[in-house]
Amino acid sequence: MTGKDRLSSIALAAFWLGSRVLLIWIWLVAEFIATGDVRYYFSKIANLGNVGLSETFYEYPTPVTWILSIPYLLSGGNEIGYVVAYIGFMIIIDAAFTIALWRAGGDRPGRAVYFWLIFVVCVGPLTYLRFDLIPAVLAGGALLALRRVPALAGVLTGIGAAIKLWPALLIAALAAPKAGRRPALIGFAAAGFGLALISLVAGGWQRLISPLGWQSGRGLQIEAVWATPLMLARLADPTTWTIEMSKFQAFEVFGPGNEIMIIVSNVATVLGLAVIIALCVRAFRVAEPSLLGIGLLLIAIVAIMIVTNKTFSPQYLLWLGGPVAALGVLHRGDQPLLDRLGVSVLALAVLTHLIYPVLYYQGMLDPQTSPGMIAGTVVLAIRNVAILIFTIAVCRRAWVALRTAG
């Protein structure tokens, strides 16, 4: 490592440390309200011994319970200690992924590493207050590992699927390159089905499939793309279109058109899966699809899953960050495209941060039309239109990139 490279690495470490201290400061001073989910995790884990695994986090896959138990064990069962241990655990995951990006990019960190550092800041303290950072990092790590250790790429994807379900779709992209197809599929099956079997033994069949029933029964979350028309209508008449906390622990919008938009979301989900299948078939038809094509396909799958869903929690934006950062590190051939991709995701992160928590409780949820409600709803509409355009654009670029071999 040259002196210039050493200075560059020191600058990277300083940027990481400074930006993460800033995040903690923002959390403590301005966004502590976003800590609610961590306290919910604590209460569930603390009561695990009384109700059993079958009644703990049945909205999430079983391995989530084990992961969220780690901070509990480290904290000795203290709530404040749990919050500190949980955030520390997430910071370690963030640091590990940053190091992985740096190592994959060589001694001299490039724009993609700084993209990740800035992206986490744009999302805000929420990055460390939900566990969606884990599947985001696993998806990015799988792409980093694909060329050299495809089996590891499969394992990471399998673990991601065991935690959040949707990463299971990513194996279709990661198994497209013929050279590493078999080890990727074996790694995925060993990790994904292995954890599923352990979960079945530990919690039973009903607990294994409970997340699927939970997700299918949910209503139209106010932040979802398909809730946008109703949220805009609510500006004119907040008594006709109302927001209520549902039994699914989410704010949902109710009123005329609610059931129609849920149907539209379900149709969009089917169409989105059709697009994913078409892109993956195209990838498999190429003898050796390019890294750019595989990376864009990965990002397209994630974006489709977010856009077509009838729920869109703010932490879902994290899912895009890992693959975008990994692709930026690995592919240097089309820097303008990668720059546009990165800037677009950063803009989406900033808008999402504005929605939650900045404009959420003091704006969007107001029972009567107010400046805060107008501001929050307008930002929401802009973000949702933007991510819809982003998804279409990424799908198009993925289709083109999968035309040729790497």
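Nothing here was measured: the structure is a model prediction, and the numbers come from that model.

This next bit is on the pairing of strand S2 (residues 251–254). Strand direction decides the pairing type here: strand S1 (residues 242–245) and S2, joined by four bridges, are antiparallel. By the bridge assignment for S2, threonine 242 is matched with phenylalanine 254. What sits between the antiparallel neighbours S1 and S2 is a turn of five residues, in which glutamine 249 has the positive phi angle 60°.

Looking now at the packing of aromatic side chains. If you walk through the whole model with that rule in mind, you get 25 aromatic pairs. Between the aromatic rings of tryptophan 214 and phenylalanine 248, the centroid separation amounts to 4.9 Å while the plane-to-plane angle is 80°, which identifies the pairing as edge-to-face. Here the residue tryptophan 214 occupies a position in helix H11 (residues 205–217), and phenylalanine 248 occupies one in the loop between S1 and S2, the gap between them amounting to 34 residues. For the pair tryptophan 214 and phenylalanine 248, one class covers both residues: buried. Between the NZ or CZ atom of arginine 383 and the centre of the ring of phenylalanine 312, over which it lies, the distance is 3.9 Å.

Let us look at the pattern of salt bridges. Summed over all chains, the structure comprises six salt bridges. Glutamate 79 is paired through a salt bridge with arginine 39; the nearest N and O atoms lie 3.7 Å apart. In this pair, glutamate 79 is assigned in helix H5 (residues 79–104) and arginine 39 in helix H2 (residues 36–46), connecting sequence segments 40 residues apart. In this structure glutamate 79 comes out as partly exposed when scored by relative accessible area, which is 34%. Accessibility expressed as a relative area gives 42% for arginine 39, which makes it partly exposed. For lysine 164, the salt bridge is made with aspartate 132, and the minimal N-O distance between the two is 3.3 Å. Placement of lysine 164 in helix H8 (residues 150–164) and of aspartate 132 in the loop between helix H6 (111–123) and helix H7 (133–145) is noted, with a sequence separation of 32 residues between them. Pair check on accessibility: lysine 164 and aspartate 132 agree, each one buried.

Before going further, it helps to examine the environment of alanine 46. Structurally, alanine 46 can be placed in helix H2. Considered as a pair, alanine 46 and glycine 376 are 330 residues apart in the sequence and their alpha carbons are 35 Å apart.

Among the nonpolar cores identified, the biggest contains 124 residues, and Tyr41, Leu68, Trp116, Phe119, Phe131, Leu320 and Phe390 are the most heavily contacted of them. The greatest single-element share of this core, amounting to 14 residues, is contributed by helix H14 (residues 291–308). If we ignore the near neighbours within four places in the chain, the residues touching leucine 68 are Tyr41, Ile45, Phe57, Tyr82, Tyr86 and Phe131.

As a further point, take the layout of surface pockets. Computed from the structure, the second largest pocket encloses a volume of approximately 680 Å³. Every residue lining the second largest pocket is counted, 24 residues in all, and those nearest its centre are Ala100, Val137, Gly141, Leu152 and Leu156. Taken together, the residues of the lining of the second largest pocket sort by class into 20 nonpolar, one polar and three charged.

Take glutamate 223: it is sitting in the loop between H11 and helix H12 (228–236). Arginine 383 is the oppositely charged side chain nearest to the buried, salt-bridge-free glutamate 223, at an N-O distance of 5.6 Å. A polar side-chain atom of glutamate 223 sits 3.3 Å from a polar atom in the side chain of tyrosine 360. Glutamate 223 has contacts with Phe312, Ser313, Pro314, Ile355, Tyr356, Tyr360, Leu380, Arg383 and Asn384, leaving out every residue within four places of it along the chain.

Its place among the elements puts aspartate 237 in the loop between H12 and S1. Given a relative accessible area of 25%, aspartate 237 falls into the partly exposed group. On a C-alpha basis, the gap between aspartate 237 and valine 345 in space is 33 Å, while along the polypeptide they are 108 residues apart.

If you check H7, its first and last C-alpha atoms are 18 Å apart, about what 13 residues at 1.5 Å a residue would give, namely 18 Å. Among the 13 residues that make up H7, 13 are buried, leaving the element largely enclosed by the rest of the structure.

Turning our eyes to something else, we now look at helix H15 (residues 318–330). The first and last C-alpha atoms of H15 sit 19 Å apart over 13 residues, in line with the 18 Å expected at 1.5 Å per residue. In terms of burial, H15 is a largely internal element, 12 of the 13 residues being buried. Of the residues making up H15, those classed as buried are Leu318, Trp319, Leu320, Gly321, Gly322, Pro323, Val324, Ala325, Ala326, Leu327, Gly328 and Val329.

Look at H2 against H5: their axes get within 10 Å of each other, and the N-to-C directions meet at 120°. As summarised for this structure, H2 and H5 are arranged oblique, according to the angle between their axes. Where H2 crosses over H5, the handedness of that crossing is right-handed. Note on element contacts: H5 touches H2 through Glu79, Tyr82, Val83 and Tyr86, opposite Val38, Arg39, Tyr41, Phe42 and Ile45. Here the contact of H2 with H5 is composed, by residue class, of seven nonpolar, no polar and two charged.

Criteria and cut-off values
- Residues numbered from 1 in each chain as written.
- Predicted model: local features only at pLDDT ≥ 70, side-chain atom pairs only at ≥ 80, totals over all residues.
- Heavy atoms only, no water.
- Pairing = 2+ DSSP bridges.
- Helix = DSSP H or I, 4+ residues; strand = E, 2+ residues; numbered from the N terminus.
- Phe/Tyr/Trp six-rings, centres within 6.5 Å; stacked < 30°, edge-to-face > 60°.
- Buried < 20%, exposed > 50% of the residue type's maximum accessible area, 1.4 Å probe, protein only.
- Lys NZ or Arg CZ within 6 Å of the ring centre and 35° of its normal.
- Salt bridge = Lys/Arg side-chain N within 4 Å of Asp/Glu carboxyl O.
- Core = buried A, V, L, I, M, F, W, Y, C linked by side-chain atoms within 4.5 Å.
- Contact = heavy atoms within 4.5 Å.
- 1 Å grid on protein atoms, 1.4 Å probe; cavity = no way out; pocket = protein on both sides within 12 Å on 5 of 7 lines; lining within 4 Å.
- Points joined across faces, edges and corners; volume = space filled by probe spheres on them.
- Nonpolar A, V, L, I, M, F, W, Y, C, P; charged D, E, K, R; others polar.
- Lys, Arg positive; Asp, Glu negative; His and termini not counted.
- Polar contact = N/O pair within 3.5 Å; in protein donor to acceptor, adjacent residues only side chain to side chain.
- Expected span 1.5 Å × (residues − 1).
- Axes fitted to C-alpha atoms, helices over the stretch in contact; angles between N-to-C directions.
- Parallel < 35°, antiparallel > 145°, perpendicular 65-115°, else oblique.
- Left-handed = near helix turned anticlockwise from the far one by under 90°.

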